[in-house]
Amino acid sequence: MFCRMVGYSADELLDRTPRMLFADVDEYESVNGKMNDMMAQDGLGMMETRARHKNGQLLDIYLNASYLDPQNPSAGMVVAILDITDRKRIERASRQMELQLNQAQKLDAIGQLAGGIAHDFNNILMGIQGNASMSMMEYQPGHPQYQRMSRIEEYVKRGANLTRQLLGFAREGKYELKTLSLNDLLWKSTRFFIETHKEIEAVFSLQEDLHPVEADAGQLEQVFLNLFINAGHAMPKGGRLHIQTANVTLQEADVAVFQVKPGDYAKISVSDTGMGMDAKTLEKIFEPFFTTKSEQGGTGLGLASSYGIIRNHGGIINAYSEPGHGATFHIYLPSSEKKVEKEEDSLQDKGLLRGTGGVLLIDDEPVILELGSELLTMLGYTVYRAENKEDALSIYQKNKDRIELIILDMILRGTSGSEVLKALRAVNPEVKVLLSSGYGLQGEVQKVMEMGCIGFIQKPYNFSDFSRIVHSALNPLKRPDAL
Ligand SMILES: Nc1ncnc2c1ncn2[C@@H]1O[C@H](COP(=O)(O)OP(=O)(O)O)[C@@H](O)[C@H]1O
Ligand SMILES: [Mg+2]
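Asks: When you look at the confidence of the model for the protein chain in this model, what are you seeing that I'm missing?
Replies: A residue-level look at the protein chain finds 95% of positions with pLDDT of 70 or above and a mean pLDDT of 85. Counted against residues more than four places away or in other chains, residues 478-483, with its pLDDT under 50, gives twelve contacts.

Asks: Looking at this model, I keep getting lost on the site of ligand 1. Mind explaining?
Replies: Around ligand 1 sit 20 residues, and of these Asn230, Asp272, Thr291, Thr292 and Leu303 come closest. Asp272 places a side-chain nitrogen or oxygen 2.7 Å from a nitrogen atom of ligand 1. Between Lys293 and ligand 1, the recorded distance is 2.8 Å, taken from a side-chain N or O atom to an oxygen atom. Within the complex, the protein chains bury 94% of what would otherwise be the 530 Å² of accessible surface of ligand 1. Secondary structure elements with two or more residues in the shell around ligand 1: α7 (217-234), α10 (302-312) and β10 (327-334). Counting residues per element, the shell around ligand 1 draws most heavily on α7, at three residues.

Asks: What should I look at first to understand the pairing of strand β11 (residues 358-362) in this one?
Replies: Side-chain direction in a regular strand flips from residue to residue, so the side chains alternate between the two faces of the sheet. Of all five residues in β11, five are buried; the element is thus mostly enclosed. Here β11 shows a buried face lined by Gly358, Leu360 and Ile362 and a second buried face lined by Val359 and Leu361. Here five bridges tie β11 to strand β12 (residues 382-386), and the two strands are oriented parallel to one another. What sits directly across from Gly358, in β12, is Thr382. A crossover connection joins β11 to the parallel β12 through helix α11 (residues 366-379); in handedness this β-α-β unit is right-handed.

Asks: Would you mind showing me how to read a nonpolar patch on the surface here?
Replies: The grouping of Leu113, Ile117, Phe121, Ile124, Ile128 and Ile152 at the surface amounts to a nonpolar patch, some 530 Å² of accessible area in total. Ranked by residue count, the leading element in the nonpolar patch is helix α4 (residues 85-137), at five residues. Summarising the element assignment, Ile124 is placed in helix α4. Here Ile124 falls in the partly exposed class, since its relative accessible area comes to 49%.

Asks: Can you walk me through the sheet that holds strand β5 (residues 200-205) in this structure?
Replies: Pairing in this open sheet of five strands is mixed, and the strands run β5-β7-β8-β10-β9 from one edge to the other. Only two strands of the sheet have a single neighbouring strand rather than two, namely β5 and β9 (316-321). The average undirected angle you get between the axes of adjacent strands in this sheet is 20 degrees.

Asks: I keep staring at the packing of helix α6 (residues 182-196) against α11 and nothing clicks. Help me out?
Replies: When two helices pack together, their arrangement is given by the angle between the helix axes and the distance between those axes. Two elements in contact, α6 and α11, have axes whose closest approach is 9 Å; the angle formed by their N-to-C orientations is 95 degrees. In terms of their interaxial angle, α6 and α11 are classed as roughly perpendicular. Between α6 and α11, the contacting residues are Arg191, Phe192, Glu195 and Thr196 on the first element and Leu371, Glu374, Leu375 and Met378 on the second. The residue inventory of the contact of α6 with α11, partitioned by class, reads four nonpolar, one polar and three charged.

Analysis parameters
- Residues numbered from 1 in each chain as written.
- Chains lettered and ligands numbered in written order.
- Predicted model: local features only at pLDDT ≥ 70, side-chain atom pairs only at ≥ 80, totals over all residues.
- Heavy atoms only, no water.
- pLDDT = per-residue confidence, 0-100.
- Contact = heavy atoms within 4.5 Å.
- Near = heavy atom within 4 Å.
- Polar contact = N/O pair within 3.5 Å; in protein donor to acceptor, adjacent residues only side chain to side chain.
- Areas by Shrake-Rupley, 256 points an atom, 1.4 Å probe, with all protein chains shown as cover.
- Helix = DSSP H or I, 4+ residues; strand = E, 2+ residues; numbered from the N terminus.
- Buried < 20%, exposed > 50% of the residue type's maximum accessible area, 1.4 Å probe, protein only.
- Pairing = 2+ DSSP bridges.
- Right-handed = clockwise from strand over helix to strand, strands pointing away.
- Patch = residues over 30% accessible without salt bridge, like charges linked within 9 Å, V, L, I, M, F, W, Y side chains within 5 Å.
- Salt bridge = Lys/Arg side-chain N within 4 Å of Asp/Glu carboxyl O.
- Axes fitted to C-alpha atoms, helices over the stretch in contact; angles between N-to-C directions.
- Parallel < 35°, antiparallel > 145°, perpendicular 65-115°, else oblique.
- Nonpolar A, V, L, I, M, F, W, Y, C, P; charged D, E, K, R; others polar.

Written out as structure tokens, the structure is:
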């Protein structure tokens, strides 16, 4: 019996020290010491430890030992060994499940709270925005009151940005379902990232015939991008990004915690070779506002909104990591019986549109400036960037023959879009300006548009729309070529 448990024959064990049966020498020494202490005190030693099977596999065992003659320990001892490997495995699994359940429940509860606040907050912001816009109409742009009002608008914009992400986390983002192929979508959204992060090598292992899923392409793109950006942050000196897809079947036990149905799922795994995370960090990453990058401008909303989006799709997202050993995120989305919809005429199917020429990007939001200029560079444009009115003007003055298009943020810190537009016009009355804004086409945005911008881009950018708008601004008549 014992021989079978540890894989050695009786002959092999005879006259050998028990040390060979332990997981490692230190463990043997410590177990031996503790058992002897216990036996000396109570006559009986009991403890759990690990043994090593002849084939190298670790076993969880329970030891129960007592001296043959309590008065004379050197006379030997009887040891009963129980193999508890299976029991321990089940215990560990159920502890893991409990942890996941706690985490899922906690995130759901915070989600509800966040959603409630975000809704009310959005309404409040709209009230502030409306009144600020009304007041601005009573003053000239140069007036101090006008400037104060535009400051207010700027803060409203930041608030709106925050509530939008919170709503995503609360699973209330708007979405439009299509039956789509995740392989295609991953390929599309990765391309932009890898082209702009040359220090990162991307490796794909995509399953052929991956189950189609019903999902909002834009939202999933957002989730993938959040994962890639985080991976990029975790690998500042470069590394490998592994993107994998697979068809999997989840059993009742796999999904019970997440309140999704067992069955067929498409699984996406994104791994990096970055710095990784410890268990404490890992426990909190999906919570809104949890960030270890606050000094670098992290908001802690990337993974929270990704979590909300995936859960809203009836899916599961989880993460594994160890410090120094990279991180892996797994996403499971329920597979669909339907056929992937070919979007023959849809604009998205045309993909990203290439172009050439100089583009000046003016935005005071570093993330937008960075992402936007990376995207434009990848598409083939020469990018100039400015964070404020002064930089924008001096760059434009120096390069006005090379800059063919300007993308202007509606509100820059301390200045309004209309002021910047006027100043640019003074340099070149024919300047082509695309206005970009987090708001729709109303109020102040409408006013600036009417001052003669050639187009409007709604933030946050959707890459394919963005590339299309820029392309058609520069090539009003030519038919775009797909990338
Ligand atoms: N790939 C990764 N490697 C290491 N840590 C990560 C990774 N992805 C996320 N994290 C951790 O999770 C935290 C939350 O991520 P996120 O919600 O995207 O917010 P942010 O990126 O703004 O900090 C990060 O601050 C980081 O500590
Ligand atoms: Mg992030």
